[in-house]
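Descriptive structure summary
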Amino acid sequence: MLRLLIETCVHRRAAALFATLVVAAFGLHAYLETPIEAYPDVTNIQVTVISQLPGNAPEEIERRITVPLERELNGSPGMTLMRSESLYGLSLITMTFSDDTASFPARTMVLQRVAAAELPPGVTPELAPEATPLGEVYQFRLTSDRHDLYQLRSEMQWNVVRVLRQAPGVADIVPFGGYLKEFHVEADPARLFALGLTLADVEQAITRSNLNVGGGFLRQGDQEVTVRGIGYLESPEDVKRIVIRSKDGTPVTVGDVSSIVQSYTPRRGTVGVGLEKEGVESFVWMRRDQNPSLVLEGIHAKVRELNDTILPKGMRIETFYDRSDLVGLTLTTVHENLLSGFLLVVAVVWLFLRSAVGSVVVAVVIPLALLVAFLGLYALGLPANLISMGAIDFGILVDGAVVLVENVIHALRHEHPANRRGVLHLVVRSAVDVGRPTLYAMLIIIAALVPVFTLQSVEGRIFRPLALTYSFALVGALVFSLTLVPALCAALFRPRHARLEEPAWIERLRAAYRRSLAWALERRPRVIAAAFALLALGAFTITRLGTEFLPELDEGDIQLFVEMPPSISLEKGQEILLEVRRRILAFPEVRKTLSEQGRPEDGTDNESINMSETFIRLKPVKEWRPGYNKKRLIDEMRGLLTEIPGVRYNFSQPMRDNVEEAVSGVRGKVVLKIFGTDLTLMRGTLEQVKDVLKSVPGIVDLDLYRDASTPQLQVRFDRQALARAGIAMEDAQRTLE
């Protein structure tokens, strides 16, 4: 069978070359369409349920929202883990599903179960965007030289977000910062009391005065018109004219007992950019399993459209973070490594074979095998990444081709065929002689990757793409070694190539090897003992090497997590973060910086106002001061920032930080969790652990996560006093609310 394959490729080499070109064309298409990521996505399918009840303390959120939802979501098919967070006005429940669970069925099932939960009126649970921790691909701010923060946020909310969501592959756009405009009715308690009214009367009057209705249709002769009742509020003056009560023909309006002012949605977070205290930004989330390069192309087109034709004069979108930079750097790194490996293999092959034709035949296998690898990834719908592509060993890929070409050249030198027919016969015989060993050798290498395919969860998502990429490339190299290489040898080698002489140093090297082998065979016990000693030394060295769960990737930027005292106000937090950014910008290696304090209005983040994610964009390394690297820069930043009292810091990178938080729920490379029912005892235990861990070498940032509670002003109503006054508890609580 193997001889028939080789003979067919040699004698019908034109067909073999054409088939190779077809495979290469499909492989090139797969390469262009396959997503290429800098970092592998290591997270399971996750679904996050977001529920908001503004103004309520975490205890009420836990009791009224989180617990009822957890009861309904428990036991969901395929769920492996569920964790929840109850924060001020916000409930977050994150469900992690098994590897074989698809995203869409999981989200559909969660929505069905959530609908059965008994929740307070006005609470509508929503699902977080269908994105992964690596899905934050684009971040931008909206600037203007003539618009205020109200106008910037309104334009962002109603126009920019709408346009960018039209880009293919975008999961969601999350606006943040500025003021989300509202009109507030500020009632005067004295006027209400004087007129015998309550806040409930005002609320009910406004609710009943803001609606449109349909009145069916009306025939007028030969025509028919649609009847509409228009009653939506259109201006603050309409609100003022709403009638609360009418007595003796004299109306009491909302304007009589209150003032209407322009205000904003109560904020639980802000955005600061550089030395500016306030700003308006958005970040774009990419849907799961999308090609970041294609998604970013669509985003860039929409941004150009917004800047050129849609945004008001003076208003522009400025890019702060663009994943294209990292993707481009990744592609450049992969291409440079592939080119370097390719040239190195060609040089080594030529050095030993001294045949330009042989070197070309061997080298052709490398790009073709890589195209087969992309073809396999494309067929399975898997992305390529820097880890999977960087692990491919070109030496192993061309192993079969080198053996076959070397055997052909060796036969040419010794047999000196007189014509083309003799060359073809020699190529077939040489390829058949080494074809079977080559086949078995490559299959053994592929079989060695089988244990990697058994890895599950996070480990499987890191290394399975690597094993698949390597296996596809090895299969491609094996097939081309047994088909294309004999065809190219038959097409390119001529009788004159029999005059190729082996370099003299090869013969000297061979003679030296013979002497070394004879010496080793005469001293077998000592050689075997030395081999076992070397094995033991290697095993001992492994125990002294450090280990890393996730491979370290330099993203080129820094993400700084800032934690301030839990009782800090929003405004004081802004002042501290402004000082943090001022100190960071003092480093000439920093290009720009942006702080996100707290969380946006849609509840997609879990930060409190005492927490901030500060993004630090760095200049290219070639523009840094001599002798500086990222570690030294972070150490100096940490030293300068720790001078600000009462603030804790954790340095990370944007993508790595998102991945770590998604996997464990907490930021940090190594996280220790304690479970129990007594918060005081648990916190004391963690403090003891912290004291012990301080002495461990290599630990830089060590602290407790969310270790303090926010102060509360609790109002307890006197039930007897309420009974004497004839006031229901609900009325009293509603007044407080």
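Residues numbered from 1 in each chain as written. Predicted model: local features only at pLDDT ≥ 70, side-chain atom pairs only at ≥ 80, totals over all residues. Heavy atoms only, no water.

Side note on the nonpolar core
Grouped together as the largest cluster of nonpolar side chains are 58 residues, with contacts concentrated most on F394, L397, V405, V408, V485 and C489. The element contributing the most residues to this core is helix α12 (residues 356–380), with 12 residues. Those residues in contact with C489 that lie beyond four places of it in its chain are V361, L404, V405, V408 and V427. Counting residues in each nonpolar core, the second largest holds 24 residues, with V161, V163, L296 and L311 among its members. (Core = buried A, V, L, I, M, F, W, Y, C linked by side-chain atoms within 4.5 Å. Buried < 20%, exposed > 50% of the residue type's maximum accessible area, 1.4 Å probe, protein only. Helix = DSSP H or I, 4+ residues; strand = E, 2+ residues; numbered from the N terminus. Contact = heavy atoms within 4.5 Å.)

A short note on the confidence of the model for the protein
Looking at the protein as a whole, its pLDDT mean stands at 83, while 96% of the residues score no less than 70. Per-residue pLDDT, averaged within each element of the protein, yields its smallest value for helix α24 (residues 654–664) (73) and its largest for helix α22 (residues 570–585) (91). (pLDDT = per-residue confidence, 0-100.)

As for the sheet that holds strand β18 (residues 558–563)
Spatial ordering of the open sheet is given by β14-β19-β20-β18-β21, a layout of 5 strands whose pairing is antiparallel. The strands lining the two open edges of the sheet, one partner per strand, are β14 (269–273) and β21 (648–652). Geometrically, the sheet is characterised by an average inter-axis angle of 15° between neighbouring strands, direction not taken into account. As defined by bridge partners, strand β19 (residues 590–598) adjoins strand β20 (residues 611–618) across 7 bridges and the pair is classed as antiparallel. Across the sheet, T593 pairs through a bridge with I616, a residue of β20. Contacting β18, β19, β20 and β21, helix α23 (residues 630–641) crosses the sheet at an angle of about 170° to β21. (Pairing = 2+ DSSP bridges. Axes fitted to C-alpha atoms, helices over the stretch in contact; angles between N-to-C directions.)

Brief notes about the packing of aromatic side chains
Taken as a whole and judged by the stated rule, the model has 6 aromatic pairs. Plain terms: the ring middles of Y179 and Y264 are 4.5 Å apart, the flat faces sit at 45° to each other, and that makes the pair tilted. Within this pair, whereas Y179 is found in the loop between β7 (170–177) and β8 (181–187), its partner Y264 is found in strand β13 (residues 258–264), the two being separated by 85 residues in sequence. Take Y264: its relative accessible area is 30%, and that puts it in the partly exposed class. With a centroid separation of 6.2 Å and 75° between ring planes, the pair formed by F283 and W285 is classed as edge-to-face. Comparing F283 with W285 shows no difference in burial state: the two are buried. Three or more aromatic residues joined by ring pairs make a cluster, and in this case those are Y150, Y179 and Y264. The ring of Y628 has R625 sitting right over it, with the charged end atom 4.0 Å from the ring centre. (Phe/Tyr/Trp six-rings, centres within 6.5 Å; stacked < 30°, edge-to-face > 60°. Lys NZ or Arg CZ within 6 Å of the ring centre and 35° of its normal.)

What to know about the side chain of T438
With respect to the element layout, T438 can be found in helix α16 (residues 420–447). Assessed through its relative accessible area of 8%, T438 is described here as buried. Those residues in contact with T438 that sit more than four places away from it in its chain are G400, V403 and L478.

Remarks on helix α1 (residues 2–11)
Three or more residues of α1 are buried, namely L2, I6, C9 and V10. Down the axis of α1, the buried set is contained in an arc of 100°. They therefore lie on one face. Those residues of α1 that are exposed and angled more than 90 degrees off the buried face are L4 and H11. (Arc of directions from axis to C-beta.)

A short note on the sheet that holds strand β6 (residues 131–144)
Pairing between the strands of a sheet is mediated by backbone hydrogen bonds and can be parallel or antiparallel. Here we have 4 strands laid out as an open sheet, ordered β7-β15-β6-β16, and antiparallel in their pairing. Strands at the two margins of the open sheet, each flanked by one partner only, are β7 and β16 (315–322). Taking the axes of each pair of neighbouring strands and ignoring which way they run, one obtains an average angle of 25° across the sheet. Alignment of β6 against β16, held across 7 bridges, turns out to be antiparallel. Its bridge partner lying in β16, Y138 is registered against D322.

So, a nonpolar patch on the surface
Residues L344, V348, W350, L351, F352 and L509 make up a contiguous nonpolar surface patch of about 550 Å² in total accessible area. Element by element, the count of residues in the nonpolar patch is highest for helix α11 (residues 323–353), at 5 residues. You can see V348 is positioned in helix α11. Note on V348: relative accessible area 38%, which makes it partly exposed. (Patch = residues over 30% accessible without salt bridge, like charges linked within 9 Å, V, L, I, M, F, W, Y side chains within 5 Å. Areas by Shrake-Rupley, 256 points an atom, 1.4 Å probe, with all protein chains shown as cover. Salt bridge = Lys/Arg side-chain N within 4 Å of Asp/Glu carboxyl O.)

Brief notes about the pattern of salt bridges
Using the criterion set out here, one finds 23 salt bridges in the structure. The partner of R617 in a salt bridge is D325, and the shortest N-O contact between them spans 3.7 Å. Highlighted residues: R617 in strand β20 and D325 in helix α11, separated in sequence by 292 residues. A network of salt bridges, in which partner residues are shared, links E579, R582, R583 and E643.

Focus on the packing of helix α2 (residues 13–33) against α12
Two elements in contact, α2 and α12, have axes separated by 8 Å at closest approach and are oriented at 55°. Between α2 and α12, the angle is such that the two are oblique. Helix-helix and strand crossings are classified by hand; for α2 and α12 the assignment is left-handed. Contact residues: T20, V23, A24, F26, G27, L28, H29, A30, Y31 and E33 in α2; L368, L371, V372, F374, L375 and Y378 in α12. Within the contact of α2 with α12, the residues separate by chemical class into 12 nonpolar, 3 polar and 1 charged. (Parallel < 35°, antiparallel > 145°, perpendicular 65-115°, else oblique. Left-handed = near helix turned anticlockwise from the far one by under 90°. Nonpolar A, V, L, I, M, F, W, Y, C, P; charged D, E, K, R; others polar.)

Structural notes on the pairing of β19
With respect to burial, β19 is a largely interior element, 7 of its 9 residues being buried. Looking at chain direction, β14 and β19 are connected through 5 bridges and run antiparallel. Each residue of the ladder has a partner; that of V273, found in β19, is L594.

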